[in-house]
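Structure assessment
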Amino acid sequence: MLFTADPTFYPSPKLAAQAPTERLAYVAALSANGGNHPDALAVVDVDSQSRQYGRVVGQVDMPNVGDELHHFGWNACSSALCPYAPHPHVERRYLIVPGLRSSRIHVLDTKPDPKKPTIVKVIEPQSLHERTGYSRPHTVHCGPDGIYLSALGSPSGDGPGGIFSLDHDNFEPLGRWEVERGPQHFGYDFAWHLGYDIAVTSEWGTPNMVESGVNPELLLAGKYGHSLHIWDLRKRHHLQSLDLGREQQMVLELRPAHDPTKAYGFVGVVTSLKDLSSSIWVWHKAAGSSNGKFEIRKVIEIPAEPADPAQLPPLLQGFKAVPPLLTDINLSVDDRFLYASCWGTGEMRQYDVSDPFDPKLVGSVHVGGIVRRTPHPARPSQQLNGGPQMVELSRDGRRAFFTNSLYAAWDKQFYPEGIRGWMVKLDVAPQGSIQFDPKFFVEFGDLRPHQVRLQGGDASSDFYCYP
């Protein structure tokens, strides 16, 4: 227990952007390239002054095989400084690391030696099922009053998906979060507008719809998620659904404005049934609304690229095009730049979203991709597969890190030869534009890296209560 606030907590995004530079990155890594081996949490040196810069300097193997580590997060963050937070003594010390396929949750302590985290607790699937009614935990966020996780569905692999809570102190599952879920059925990501007592959730599909890969019949019938849901954060009641239309399939990553006085945010859509494009939408509080209603508007469209069917995996050959497959987005802490990961075309895009309703494309780099196979400057003669996937930003917005693996069954469909895992870094100019750091190219051998968390916090770790 701390008697003063954790020094990595910041009351406002403005102060967070002035924080010290991160020295380590934690990376969830999947064992999917053969062999009966467990997944791992890798520790990467990201200190540019270190002799081990750009190297894996630590690794914690999970105690079981087949977890499919995916998204994970810190136990506590800057939201602990909110005026109504009942746990001001917590510290950003533990990483909550779920297995998306196993429904097993691992708690890792990073404090004794940040390069050598240790597993201090494992929550077994049965305990999660009995206490919450959910399975397949997906996203972790630290809230003012507890640790929250989303889940894709029920123990049977059907719906509904939703959110559950863990106790801040002993990490035990407390129970299902929703009191009245209304029409919400699919789960995926969630976010908050703490200044407005609003929660937002997005949709993918049930475990039975995603665990064997994309189901073409379900996709073409518009059966995957295509809505956002607005909630009363305190009462835990469903307030409103925002349907983007059945054409918009898989409404995934949510990135709300970091400024708590701004009730808007961005969400990425993986694909359109009309033309395979991806898109980014803004949800926002309706102008002049007296009843708190929200609206949603498409502000970015990323087109598919024509391609020779012979260069495409079987799933895409009939379309004669490479879809962008927008699988992640991230918003800088100052709410100025939005990053878009196009896992299919191998492109990372940077938009100036100072005006969230009129984004400007200001930066683009290519690496990997289904057709392009673009090399990295560190390996100019080596074609790469996979593409920009989970992207994480430093608090000051000057560095972006991303990895190239999505999800084992989906990797196999779009990159059937098997993904060789890598992690790269972009340097960001103060006024926009991005370029690769040629000295930072991390290879993971038989592991496939997925989500990245930065020591001390990052752009998607924290929520703030003060502007």
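Above this note sits the structure.
I will try to describe carefully the structure that is included in this document. (Residues numbered from 1 in each chain as written. Predicted model: local features only at pLDDT ≥ 70, side-chain atom pairs only at ≥ 80, totals over all residues. Heavy atoms only, no water.)

1. Considering the pairing of strand β5 (residues 94-98)
Definition in use: Classification of residues uses two cut-offs on accessible area relative to the type maximum, computed with a 1.4 Å probe and protein chains only: under 20% is buried, over 50% is exposed, and between them is partly exposed. In this text, helices come from DSSP runs of H or I with a minimum length of four residues, and strands from runs of E with a minimum of two, each type numbered from the N-terminal end. Strand pairing is defined by DSSP finding a minimum of two bridges between the two strands.
Counting buried positions along β5 gives 5 out of 5 residues, so the element sits mostly inside the fold. Neither face of β5 is exposed, since Y94, I96 and P98 on one face and L95 and V97 on the opposite face are all buried. As defined by bridge partners, strand β4 (residues 73-74) adjoins β5 across 2 bridges and the pair is classed as antiparallel. Residue W74 lies in a different strand from β5, and its bridge partner there is L95. Summarising the sheet, β5 and strand β6 (residues 105-109) pair through 5 bridges and their orientation is antiparallel. The partner of V97 across the bridge, within β6, is H106. If you look at the hairpin formed by β5 and β6, you'll find 6 residues sitting between the two strands, and S103 has a positive phi there, around 65 degrees.

2. Quick look at the state of the cysteines
Under the convention used in this document: To count as a disulfide, a pair of cysteine sulfur atoms needs to be within 2.5 Å.
All chains considered together, the criterion is met by 1 disulfide. The disulfide that involves C82 links it to C465, with 1.9 Å between the sulfurs. What sets the handedness of the C82 and C465 disulfide is the S-S torsion sign, and at about 85 degrees it is right-handed. With C82 in the loop between β4 and β5 and C465 in the segment after β30 (447-454), the pair connects residues that are 383 residues apart, well separated along the chain.

3. Here's the deal with unusual backbone geometry
Between G159 and the following residue, P160, the backbone shows a cis peptide bond with an omega angle of 0 degrees. As for its placement among the helices and strands, P160 is situated in the loop between β9 (146-153) and β10 (162-166). Unusually for a residue other than glycine, S103 sits at a positive phi of about 65 degrees. Here S103 lies in the loop between β5 and β6.

4. As for the sheet that holds β9
Stated formally: Orientation is described by axes fitted as lines to C-alpha atoms, over the contacting stretch for helices, and by angles from 0 to 180 degrees between their N-to-C directions. Contacts were defined at the residue level, with two residues in contact if any of their heavy atoms lie within 4.5 Å.
Strand order in the open sheet made by the 4 strands is β8-β9-β10-β11, with antiparallel pairing throughout. At either margin of the open sheet sits one strand with a lone partner, and together these are β8 (135-143) and β11 (173-176). In this sheet, neighbouring strand axes are inclined to one another by 30 degrees on average, regardless of whether the strands run parallel or antiparallel. Pairing of β9 with β10 involves 5 bridges; the strand directions are antiparallel. The residue of β10 that forms the bridge with A151 is G162. Across the sheet, helix α2 (residues 125-132) touches β8, β10 and β11, and the angle it forms with β11 is around 45 degrees.

5. Here's the deal with the environment of Y188
Which entries qualify depends on this criterion: As used in this structure description, the phrase polar contact means that two N or O atoms lie within 3.5 Å; if the pair is within protein, one of them must be able to donate a hydrogen and the other to accept it, and residues adjacent in sequence are counted only when both atoms belong to side chains.
Residue position: Y188 is located in the loop between β11 and β12 (190-193). For Y188, a relative accessible area of 5% puts it in the buried group. Separated by 99 residues in sequence, Y188 and A287 place their C-alpha atoms 28 Å apart. The contacts of Y188, once residues within four sequence positions are left out, are H71, H138, T139, S150, L152, S202, E203, W204, L252 and E253. At 2.5 Å, the side chain of Y188 and the side chain of E253 are in polar contact.

6. Topic: the sheet that holds strand β15 (residues 237-243)
Here we have 4 strands laid out as an open sheet, ordered β12-β13-β14-β15, and antiparallel in their pairing. Lying at the two open borders of the sheet, with one neighbouring strand each, are β12 and β15. On average, adjacent strands in this sheet sit at an angle of 25 degrees to one another, irrespective of strand direction. Pairing between strand β13 (residues 198-201) and strand β14 (residues 227-232): 4 bridges, direction antiparallel. Each bridged residue has a counterpart across the sheet, and for A199 the counterpart in β14 is W231.

7. A word on the packing of aromatic side chains
Quick note on the threshold: Pairing of aromatic rings covers Phe, Tyr and Trp, the last through its six-membered ring, and needs centres within 6.5 Å; plane angles under 30 degrees mean stacked, over 60 mean edge-to-face, and all others mean tilted. A ring is considered to have a charge above it if a Lys NZ or an Arg CZ atom is located within 6 Å of its centre and within 35 degrees of its normal.
In this structure the tally under the stated criterion is 17 aromatic pairs. Judged by centre distance (4.8 Å) and plane angle (70 degrees), the ring pair of W192 and F463 falls under edge-to-face. Residue W192 is found in strand β12, and its partner F463 is found in the segment after β30; the two are separated by 271 residues along the sequence. Plain terms: the ring middles of Y264 and F266 are 6.0 Å apart, the flat faces sit at 90 degrees to each other, and that makes the pair edge-to-face. For F266, a relative accessible area of 0% translates into the label buried. Taken together, Y148, F190, W192 and F463 form an aromatic cluster joined through their ring pairs. One cation-aromatic arrangement involves R234 over Y84; the distance from NZ or CZ to the ring centre is 4.1 Å.

8. Let's talk about the side chain of R93
When you line up the elements, R93 lands in the loop between β4 and β5. Polar contacts involving the side chain of R93 include one to the side chain of D109, which spans 2.8 Å. Discounting chain neighbours no more than four positions away, the residues touching R93 are W74, N75, L108, D109, T110, K111 and P112.

9. Quick notes on the pattern of salt bridges
Definition in use: Salt bridges are counted wherever a side-chain nitrogen of Lys or Arg sits within 4 Å of a carboxyl oxygen of Asp or Glu.
Per the counting criterion, the structure on display carries 29 salt bridges. Of the charged contacts in the structure, one is a salt bridge between E443 and R379, with a shortest N-O distance of 3.0 Å. A residue pair is termed long-range when its members are at least 10 positions apart, and E443 in strand β29 (residues 434-443) and R379 in the loop between β25 (360-366) and β26 (391-393) qualify at 64 residues. Judged by relative accessible area, which is 40%, E443 ranks as partly exposed. Where D396 meets R399, a salt bridge forms, and the shortest distance between an N and an O atom there is 3.1 Å. Relative accessible area serves as the criterion here: at 11%, R399 is assigned to the buried category. The structure contains a network of salt bridges with shared partners spanning E91, R93, D109 and K111.

10. A few points about the environment of S103
For S103, a relative accessible area of 2% gives the class buried. In this structure the side chain of S103 is engaged in a polar contact, spanning 2.7 Å, whose partner is the backbone nitrogen of R136.

11. Quick notes on the nonpolar core
Inclusion rule: Among buried residues, the Ala, Val, Leu, Ile, Met, Phe, Trp, Tyr and Cys ones that are joined through side-chain atoms within 4.5 Å form a nonpolar core.
By size, the foremost hydrophobic cluster in this structure holds 28 residues, and its most contacted members are W192, L228 and W283. In terms of nonpolar packing, the next biggest core, distinct from the first, is built from 27 residues, Y188, M250, V270 and Y415 among them.

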